[in-house]
Amino acid sequence: MPTVDNITYAPVEGAAELFTPAFCEYFVHMHDTFLPRVAAFRVARGQASHRATRENQPPTSPPASDATTSTWQVSTVPAELRKPGIEITGPVSLTSMFINALNPGPDGVRAEGDLDDDEDSAGHRLVDTVLAALNRLRAVEGDLTYHDEARGRDYAVQDGTLPFFMHRERGLHLDEPEFTLKGAPVSAAILGTALTLFHAGRAQAAAGQGIYFYLPKMESADEAAFWRDFFAESQARLDHLSDATIRAIPLVESLPAVYQMEEILYALGPYAAGLNAARWDLKASILEFVLADPEQVWPDRFGVDIKTTDFISNIFRRLVAVCLKHGAVAIGGMATALPSRDEEVNVAAAAAIRADKEWEAAQGFLRGWVAHIFHMDVASAPFKTLADSGWTPTAAMAEPDNYPIEIKRPDGKVTLEGTRRNLRTLIEYIEGWLNGRGAKGIDSLAGKPGLHPALMEDLATARISVAQTAQRIIHSAKDVETGDVHDLALVKRILLSEEADILRLLGEETSTDSAMHDETVQRYRDATKVSMQWIKNYTGFDFRSLGSYTRDDLAAIAAAADAF
């Protein structure tokens, strides 16, 4: 285990190149300066969750302040961040995927931006964060390549202007246990952001590029102020950042943040650029905060569409209004469909993506995200077409008070089929996680009739699947048609049935490597046991993230008796 200045880290490939004495000096200063605030945020988050689940006191709006009553605008937003179209996103640690994202799509056009993610689509290990930092640096420097030995394929970034980079690090709720300072795990958010600012940030500043971040899992204006101060201190400590353009876009993916959108933008100060409407994590957060309320048992999540669920639509219209009011950019959600060999499936997926992005564009969003380059054109067209038409938002769309916040139960049915799809998604996702991936193409309707593309799912989807299942167990929710009551025994039967079906389909696939097949089967069995533990945690209002478990922790859960 290499050690530098009281820092010890796992000897993952590439780490020594990054963790130089100069970086470690900067990192230790930043960690010592800002860690007490991180600890305080975690306490405050726990208290807010306790009030909601134990004392029936959900989040609400703070008192009026300068952020909501005074006239102010965000600092000048760089022109490239105002471009309508699409950003492509994926785990930056998977080099081949990152290179593909930076290259032109099937029509020869690149995405406007690249969300190079080391958060919900990444593996949440030190090796992922190290690869993320190296890949970002090499992409900016123009020498990022990759050789896939198994496929005998080489990847390289093609000539031409690259998309702008939007860096996303892990959130303030997570530690990095494989990197310790004085024997204690460090904040994953501080480590990832420090690596990017020190290494890729140096190259970006030298190239005249802006250094842009998405800020995940934010819950308050105080947390936004933390990042304002973190960026400012980094600019004071690192000469190469002194004149750099740094901007950040918080993701609105927690219920407390919904009530503080103006305050969050205001608190970011000169670094604020906009807000992002994060769909799945926001739904998961809402479920966590209403989990104890028997009147808030949600119907099957697959039918809870933001376009037709008024209270969620209003949250996102309010987000746009906040951005319009203060000169910021509003970024929409992600199109997750993956390409299929069946052209009918692709046509159906394209129609759904088009309708979704047309809705977002009409609300005033400038861009959205896409998970695969195959669907980039259809996803970007609505934003570009509306912008080219000369359309502009109305004055009413820039008034946040026109979109009051109300948290309601969405319309729809509670069914065992919805629970089954949640659990299949969960098993599939955790199998990928145990295999080192934070994003996986999953078809929760595999083997069923009809047109249903696989979707690129990340940690947010697993989180909402767990929350909805736990909610149904807590409140003994009944299938509206059969009357079956959700409890631990029922959920376990469904989990085991879905595991068996997945393994049946796996067995039908041709495999020339029996050892690899056996490893895959074992991962699925382990994933089922981890699913049980995660669901059981949620029924006790323990919302610990999957990203907070080491692979050894998960192996211990898999080796132990079933959680239920």
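Reading guide: rules and limits
Residues numbered from 1 in each chain as written. Predicted model: local features only at pLDDT ≥ 70, side-chain atom pairs only at ≥ 80, totals over all residues. Heavy atoms only, no water. Axes fitted to C-alpha atoms, helices over the stretch in contact; angles between N-to-C directions. Helix = DSSP H or I, 4+ residues; strand = E, 2+ residues; numbered from the N terminus. Parallel < 35°, antiparallel > 145°, perpendicular 65-115°, else oblique. Left-handed = near helix turned anticlockwise from the far one by under 90°. Contact = heavy atoms within 4.5 Å. Nonpolar A, V, L, I, M, F, W, Y, C, P; charged D, E, K, R; others polar. Buried < 20%, exposed > 50% of the residue type's maximum accessible area, 1.4 Å probe, protein only. Salt bridge = Lys/Arg side-chain N within 4 Å of Asp/Glu carboxyl O. Pairing = 2+ DSSP bridges.

Asks: Outline the packing of helix α14 (residues 416-434) against helix α17 (residues 514-539), listing residues and values.
Replies: Put simply, α14 and α17 touch, their axes get as near as 8 Å, and they point 120° apart. By the angle between their directions, the pair α14 and α17 is classed as oblique. Between α14 and α17 lies a crossing of right-handed hand. Contacts between α14 and α17 pair Leu423, Leu426, Ile427, Glu428, Ile430, Glu431 and Leu434 from the former with Thr520, Arg523, Tyr524, Asp526, Ala527, Thr528, Val530, Ser531, Trp534 and Ile535 from the latter. Tallied by class, the residues present in the contact of α14 with α17 amount to 10 nonpolar, three polar and four charged.

Asks: Account for unusual backbone geometry, naming residues and giving values.
Replies: With phi around 60°, His124 is a residue other than glycine that occupies positive phi space. Along the chain, the position of His124 falls in the loop between β4 (113-117) and α5 (126-141). A residue is classified by how much of its surface remains accessible, and His124, at 7% relative accessible area, is buried.

Asks: Give me the pattern of salt bridges: which residues, what numbers.
Replies: Counted according to the given criterion, the structure contains 41 salt bridges. For Glu262, the salt bridge is made with Lys325, and the minimal N-O distance between the two is 3.0 Å. Taken together, the residues Glu262 in helix α9 (residues 261-267) and Lys325 in helix α11 (residues 310-326) connect sequence positions 63 residues apart. Assessed through its relative accessible area of 7%, Glu262 is described here as buried. Of the residues examined, Lys325 reaches a relative accessible area of 28% and is grouped as partly exposed. A salt bridge links Glu417 to Arg420; the nearest nitrogen and oxygen atoms lie 2.9 Å apart. Here Arg420 and Glu417 lie together in helix α14, a separation of three residues that amounts to about one turn. For Glu417, a relative accessible area of 35% corresponds to the partly exposed category.

Asks: Tell me about the sheet that holds strand β11 (residues 246-252), and please be specific about residues and values.
Replies: With parallel pairing, the eight strands of this closed barrel are ordered in space as β3-β4-β7-β10-β11-β12-β13-β14. Within this sheet the neighbouring strands show an average axis-to-axis angle of 30°, counted without direction. With three bridges connecting them, strand β13 (residues 329-335) and strand β14 (residues 367-370) associate as parallel partners. Opposite Met334, over in β14, you have Trp369 as the bridge partner. Sitting on the sheet, helix α6 (residues 188-206) is in contact with β7 (164-168), β10 (211-215) and β11, with an inclination near 155° to β10.

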